[in-house]
Amino acid sequence: MMCLTRRIESRSGTRRGSVFQYYLMYMILSSVLLTTSGLCLHSILTADRKDNQLSQHLKTLLRMDEALREDFLQPEFVSCDADVLVVNTVAGETPRWTIQRHHVRREVLADQDIVSSERFTFRKGTTLSFATDRDTQLIRLTLTEPSIVSSDASIDLGTTERKSVEILLHVAQTAAGTTVELDGPKINGDPTPATKAEKAGE
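So, here is what we can say about the structure in this document. Since we're looking at a predicted model, the values are computed, not measured.

A short note on the overall build of the protein chain
Here is step 1: Helix and strand counts for the protein chain stand at 2 helices and 9 strands.
Here is step 2: Ordered by position in the sequence, the α and β elements of the protein chain form the string α-β-β-β-β-β-β-β-β-β-α.
Here is step 3: Of all 202 residues assigned to the protein chain, the portion counted as buried reaches 28%.
Here is step 4: Taking all contacts inside the protein chain whose residues are at least 6 apart in sequence as the whole, residues at least 24 apart take part in 50%.

Take a look at the structure:
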């Protein structure tokens, strides 16, 4: 009788040990699945955030390009330096473009009063500047994106080139003539669209 009781106790102890092992294995598998799911979700959200940032950047750039070209349809007076661009239009309005770090502000003045104001914001670290060419009467707005910063110290990004976008504006001549004051930095290299097209056709 005593021997039978010992066998029953031994079997129940073995079962308890087996249940603990199954429970431990279940916990390990569950933690692995949850960790994998979390990493996948983090990757998806990161990719979605970067895609939204790029989309917003392109939309802002296109809006700014469209507004600049509208202001240059019928200019009467144009004044430009590195940070400020002023255009007096035939309609009597004066769009004024001002660069402030990584922001570009467009203000439309009429009789010295601000009629409307619009702001174009880019990523921090973005540099913007106007440059001019007196001979061809071209104005160029250059937007240079911030350099990439890596969290991995083993990766050397010192030679990584910063991406730039250029908007070329030609000062159109109206019937009454256009007064142009181009005091900004001179355009270096090859600024004319015609020359760029020739190079592309080679």
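Additional details are given in the paragraphs that follow.
Thoughts on the packing of aromatic side chains
Here is step 1: Counted according to the given criterion, the structure contains 1 aromatic pair.
Here is step 2: Where tryptophan 97 meets phenylalanine 120, the ring centres are 5.7 Å apart and the plane angle is 15°; that geometry is what we call stacked. Of this pair, tryptophan 97 sits in strand S3 (residues 94-100) while phenylalanine 120 sits in strand S5 (residues 113-121), placing them 23 residues apart in sequence. Both residues of the pair, tryptophan 97 and phenylalanine 120, count as buried.

Here we look at the sheet that holds strand S8 (residues 164-170)
Here is step 1: Strands sit in the order S6-S7-S8 across an open sheet of 3 strands; the sheet is antiparallel. The sheet is open, and its two edges are formed by strand S6 (127-133) and S8, each paired on a single side. When the angles between neighbouring strand axes are averaged without regard to direction, this sheet yields 20°.
Here is step 2: By the bridge criterion, 7 bridges tie S6 to strand S7 (residues 138-144) in an arrangement that is antiparallel. If you follow phenylalanine 130 over to S7, its bridge partner there is leucine 141.

Examining the pattern of salt bridges
Side-chain pairs of opposite charge can arise whenever the charged atoms involved come near each other.
Here is step 1: Applying the stated criterion across every chain yields a total of 6 salt bridges.
Here is step 2: Arginine 63 is paired through a salt bridge with glutamate 118; the nearest N and O atoms lie 2.6 Å apart. Taken together, the positions of arginine 63 in helix H1 (residues 2-71) and glutamate 118 in strand S5 put the pair 55 residues apart, joining distant regions of the chain.
Here is step 3: In this structure, the salt-bridge partner of arginine 123 is glutamate 145, at a minimum N-O distance of 4.0 Å. Of this pair, arginine 123 sits in the loop between S5 and S6 while glutamate 145 sits in the loop between S7 and S8, and the two are 22 residues apart along the sequence.
Here is step 4: Overall, glutamate 145 belongs to the buried group, its relative accessible area being 18%.

A few points about unusual backbone geometry
Here is step 1: The backbone of arginine 101 shows a phi angle near 55°, a positive value even though the residue is not glycine.
Here is step 2: Take arginine 101: it is sitting in the loop between S3 and strand S4 (103-110).
Here is step 3: Look at arginine 101 and you get exposed, because its relative accessible area is 68%.
Here is step 4: Unlike most non-glycine residues, glutamine 112 shows phi in positive territory, near 70°.
Here is step 5: Positionally, glutamine 112 belongs in the loop between S4 and S5.
Here is step 6: Glutamine 112 gets classed as exposed once you look at its relative accessible area, which sits at 72%.

Topic: a nonpolar patch on the surface
Here is step 1: On the surface, Phe20, Leu24, Ile28 and Val32 cluster together into a nonpolar patch covering about 390 Å² of accessible area.
Here is step 2: With respect to the secondary-structure elements, phenylalanine 20 resides in helix H1.

So, how was this worked out
- Sequence order as written defines residue numbering, which begins from 1 separately in each chain.
- Per-residue local features are limited, in this predicted model, to residues with pLDDT of at least 70; the limit for side-chain atom pairs, both in listing and counting, is 80 or more; totals at the level of whole chains, interfaces and linings are taken over all residues.
- Excluded from the side-chain calculations are hydrogens and water; all other atoms, namely the structure's heavy atoms, are used.
- By definition, any uninterrupted DSSP run of H or I lasting at least four residues is a helix, any uninterrupted run of E lasting at least two residues is a strand, and each is numbered from the N terminus.
- Summary of the burial criterion: residues with accessible area below 20% of their type's maximum are buried, those above 50% are exposed, and those between are partly exposed, where the area comes from a 1.4 Å probe applied to protein chains only.
- The contact criterion used throughout is that any non-hydrogen atoms of two residues lie within 4.5 Å.
- Stacked, tilted and edge-to-face are the three classes assigned to paired rings of Phe, Tyr and Trp, where Trp is represented by its six-membered ring and a pair needs centres within 6.5 Å; plane angles under 30 degrees give stacked, over 60 edge-to-face, the rest tilted.
- In this analysis, strands are considered paired if DSSP registers two or more bridges between them.
- Every axis in this analysis is a line fitted to C-alpha atoms, fitted for helices over the stretch in contact. Angles between the N-to-C directions lie between 0 and 180 degrees.
- A side-chain nitrogen of Lys or Arg and a carboxyl oxygen of Asp or Glu constitute a salt bridge if their distance falls within 4 Å.
- Residues enter patches when they are more than 30% accessible in relative terms and free of salt bridges; like-charged ones are connected within 9 Å and nonpolar ones (Val, Leu, Ile, Met, Phe, Trp, Tyr) within 5 Å.
- Here, Shrake-Rupley sampling with a 1.4 Å probe gives the accessible areas, and only protein chains in the shown set may cover a residue.

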